[in-house]
Amino acid sequence: MSIIFLLGFRGNSVDWEGGILKYQKTVYQALMMITQFGVNMLVPIFLCSFAGMFLDRKLGTNVWMVALFFVGALAGFTNVFRFARKIYETPARTRRRSTQKKEEMEENEKKD
């Protein structure tokens, strides 16, 4: 148990129930999002770079790999931007709903 605290696994991300370490969904969701950011950025870069290397070998040139690398980087940045925008839009809706529910509960308590 002390090893887990030394590693920094405490706070909101971990619950102790019956001596068993139980992770909340938010930790796994955060890891999933971080991984998805990396995949969204790297896959287009690698695909375009390999396509550029293939074209350079077939055509006997040296320009396609560099050009398609930048096209892949642009596509990767676009993917990451769209993904980040979708992530930040969703919590705002959720926060509004939870705030509305809290206000409704407070009003109901005042009536009782």
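Residues numbered from 1 in each chain as written. Predicted model: local features only at pLDDT ≥ 70, side-chain atom pairs only at ≥ 80, totals over all residues. Heavy atoms only, no water.

K.L.:
Just checking my understanding: could you explain the overall build of the protein for this structure?
P.N.:
Secondary structure summary: the protein contains three helices and two strands in total. Sequence-ordered secondary structure for the protein, helices as α and strands as β, is α-β-β-α-α. Sorting the 112 residues of the protein into buried and exposed places 16% on the buried side. Counting only contacts in the protein whose residues sit at least 6 apart along the sequence, the fraction spanning at least 24 positions is 42%. Counting only carbon and sulfur atoms, one obtains 64% of the accessible surface of the protein, whose full area is about 9,500 Å². (Helix = DSSP H or I, 4+ residues; strand = E, 2+ residues; numbered from the N terminus. Buried < 20%, exposed > 50% of the residue type's maximum accessible area, 1.4 Å probe, protein only. Contact = heavy atoms within 4.5 Å. Areas by Shrake-Rupley, 256 points an atom, 1.4 Å probe, with all protein chains shown as cover.)

K.L.:
I keep staring at a nonpolar patch on the surface and nothing clicks. Help me out?
P.N.:
A cluster of nonpolar side chains, contributed by Phe54, Leu55, Leu59, Val63 and Trp64, occupies part of the molecular surface with about 480 Å² of accessible area. It is helix H2 (residues 25-59) that contributes the most residues to the nonpolar patch, three residues altogether. (Patch = residues over 30% accessible without salt bridge, like charges linked within 9 Å, V, L, I, M, F, W, Y side chains within 5 Å. Salt bridge = Lys/Arg side-chain N within 4 Å of Asp/Glu carboxyl O.)

K.L.:
Explain the side chain of Asn40 here, please?
P.N.:
When you line up the elements, Asn40 lands in helix H2. Classification of Asn40 by relative accessible area gives buried; the value is 17%. Excluding residues within four positions of it along the chain, Asn40 makes contact with Gly76, Asn79, Val80 and Phe83.

K.L.:
I'm lost on a negative patch on the surface in this one. Help?
P.N.:
Among the surface-exposed residues, Glu103, Glu104, Glu106, Glu107 and Glu109 lie close enough to one another that they form a single negatively charged patch. When you line up the elements, Glu107 lands in helix H3 (residues 64-111). (Lys, Arg positive; Asp, Glu negative; His and termini not counted. Charge placed at Lys NZ, Arg CZ, Asp CG, Glu CD.)

K.L.:
Hey, could you run me through the environment of Met41 in this one?
P.N.:
With respect to the helices and strands, Met41 occurs in helix H2. Here Met41 falls in the buried class, since its relative accessible area comes to 17%. Look past the residues within four positions of Met41 in its chain and what remains in contact with it is Ala73, Gly76, Phe77 and Val80.

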